[in-house]
Amino acid sequence: MEKNVIGGTIHFEGVCMGDCKLDGNRPDPKGAYQKFASKVQKITEYNPEFHYIRFRAIGNLEIDGPNNNWDGFPYEDFEDSRPGKGYQSFIGKKAFIEHSSHSIENAIGELPGAFLNSFHLPDEFRGRRYAELDSFESKERQKVLAMDNQADGSVEVLMAIDRQLSPRISRMVDSNQHLACSMGTNIDHSICTACGNQAHYEHQYCAHIQYAKGGTHLIPARDYRQLITAKVIRPEWLPKILSTDRDVRDVLEGSTNRMITARAFEINKDLSFFELSVVANPAYIKGQMLEKIATTEDGSLQLVDIQKLSDTEMLVLGIQTGAIDVHKLSEDALYATAKELEIKL
Ligand SMILES: [Zn+2]
């Protein structure tokens, strides 16, 4: 049985447990497991007419910086849970080749699932979202970003490619060739990192973005500091905008008028994703296929958001996927798991 326990999502082949021998008085864990299996989020039915590919679709400004097109995407805009916004807006959209999304006829498949590799928050911020944390007066966001083993905050998207609609891509998948991807998004506005200009339409671009996107500019530290004071540029973005740590310090402390070097790029706000394309040259260098999801024996395909699972649910899922050998678990551990699940379920 293939193991598919992976970073963002887990998919598993039906339910295959219940081999355990327990005392007659103890509850049979099988029932609890089956209740659990019926509770997991089912994203899509496996259809053999499609290839299912999991892609890393987009990374955020805080971890990855701007992409090769000099576009940056703040993590808080991935988290945005308003209808039609944030990472979930990928779900239900179409897949294309090289952004040919001007016509739906060009679609090669669908995007049935998306997943955010959410930032872990320290215990003191429990119950809050990253977007709610402050970075101007207190350094809450900076604290999150500095955490050891922090998640990369990228968005993963499941692409279902129709074999008939794209025989060429289908052949590439069949022959295990690697695919790269690139996303399409609508934005509300963008912010220029050199001057803080906000543009809702192209004719509103400043000269930095219109003529010299990606170029560097020498700016007095105190002048740049005004963008922070006005809360146009966030302090946690500075390491990806300014050239050196000293530049960042000088801007934040505001004690000098030394010239600092700022890279001019666009920070894109209020994201609404509308497509994911298979491309030859991705602007986001990590925009790559992560995994081809193989055919399952019983023809079902389920994906589970593992970050929403409790430790016990994780254990059960581990058993279901075959990642944990049920025979190697102590009877007590098995019993405790089953008992806790009965209570929880
Ligand atoms: Zn500008």
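The rules we used
Residues numbered from 1 in each chain as written. Predicted model: local features only at pLDDT ≥ 70, side-chain atom pairs only at ≥ 80, totals over all residues. Helix = DSSP H or I, 4+ residues; strand = E, 2+ residues; numbered from the N terminus. Buried ≥ 20, exposed ≤ 12 C-beta atoms within 10 Å, placed from the backbone. Contact = placed C-beta atoms within 7 Å. Core = buried A, V, L, I, M, F, W, Y, C linked by C-beta atoms within 7 Å. Domains from an automatic or database assignment. Pairing = 2+ DSSP bridges. Axes fitted to C-alpha atoms, helices over the stretch in contact; angles between N-to-C directions. Arc of directions from axis to C-beta. pLDDT = per-residue confidence, 0-100.

Student: Looking at this structure, how should I read the overall build of the protein chain?
Tutor: Check the secondary structure of the protein chain and you find 11 helices and 15 strands. A buried classification covers 36% of the 345 residues belonging to the protein chain. Expressed as a percentage of contacts within the protein chain between residues at least 6 apart in sequence, the contacts between residues at least 24 apart total 77%.

Student: Looking at this structure, how should I read the nonpolar core?
Tutor: Side chains of nonpolar character tend, in soluble globular proteins, to be buried together. Residues A57, V157, M159, I161 and L276 are the most contacted members of the largest nonpolar core, which totals 57 residues. Looking at which domains feed residues into this core, each of domain 1 (3-117 + 152-200 + 265-344) and domain 2 (216-263) gives three or more. Excluding anything up to four places from it in sequence, I161 contacts F50, H51, I53, A95, I108, G109, S166, I169, S170 and V173.

Student: Looking at this structure, how should I read the environment of W237?
Tutor: With respect to the secondary-structure elements, W237 resides in the loop between α7 (221-229) and α8 (238-241). The contact partners of W237, leaving out residues within four places of it in the chain, are L61 and I267.

Student: I tried to follow the sheet that holds strand β12 (residues 266-269) on my own but got confused; where do I start?
Tutor: Remark on secondary structure: sheet strands pair via backbone hydrogen bonds, oriented parallel or antiparallel. Reading across the sheet, the four strands line up as β3-β12-β8-β9 and stay open at both edges, with mixed pairing between neighbours. With one partner strand each, in any of the chains shown, β3 (71-72) and β9 (198-199) form the two edges of the open sheet.

Student: Is there a simple way to explain unusual backbone geometry in this structure?
Tutor: Most peptide bonds take the trans configuration, and most residues that are not glycine carry a negative phi. You will see that H99, though not glycine, has its phi angle at about 60 degrees, which is positive. Phi at N176 is positive, roughly 60 degrees, even though this residue is not glycine. Mapping N176 onto the fold places it in the loop between α5 (167-174) and β7 (180-186). Judged by the 7 C-beta atoms lying within 10 Å of it, N176 falls in the exposed class.

Student: In this structure, what is going on with the sheet that holds strand β14 (residues 289-293)? I would like to understand it.
Tutor: On the basis of which strands lie adjacent, the open sheet formed by seven strands has the order β7-β13-β4-β5-β6-β2-β14 and mixed pairing. With partners counted over all chains shown, the strands left at the sheet margins are β7 and β14, one partner each. This sheet shows a mean twist of 35 degrees between the axes of neighbouring strands, independent of strand direction. By the bridge criterion, two bridges tie strand β4 (residues 94-97) to strand β5 (residues 109-116) in an arrangement that is antiparallel. In the strand pairing of β5, A95 is matched with G109.

Student: I'm lost on helix α9 (residues 245-253) in this one. Help?
Tutor: Note on helix geometry: an α-helix contains 3.6 residues per turn, so any two residues three or four positions apart are oriented the same way. Along α9, the residues classified as buried are D247, D250 and V251. For α9, the angular spread of buried residues about the axis comes to 95 degrees, placing them on one side. Counted as exposed and oriented over 90 degrees from the buried face of α9: D245 and E253.

Student: Help me understand the pairing of strand β6 (residues 155-162), please; the structure alone is not making it clear to me.
Tutor: Remember that side chains alternate between the two faces of the sheet whenever the strand is regular. Of all eight residues that make up β6, seven are buried, and the element is covered over most of its length. With eight bridges joining them, strand β2 (residues 50-58) and β6 adopt antiparallel strand pairing. Paired with R56 across the bridge in β6 is E156. In this sheet, β6 lies alongside β5 in antiparallel orientation, the contact comprising six bridges. Bridging across to β6, G109 finds its partner in I161.

Student: Whenever I open this one, the confidence of the model for the protein chain confuses me. Can you help?
Tutor: The predicted coordinates of low-pLDDT regions are not to be read in fine detail. For the protein chain, the mean per-residue pLDDT works out to 82, and 75% of the residues sit at or above 70. Predicted confidence for residues 1-27 stays below pLDDT 50, and this span has 64 contacts to residues more than four positions away or in other chains. Counting contacts from residues 35-41, a segment whose pLDDT is below 50, to residues more than four positions away or on other chains yields 11 contacts.

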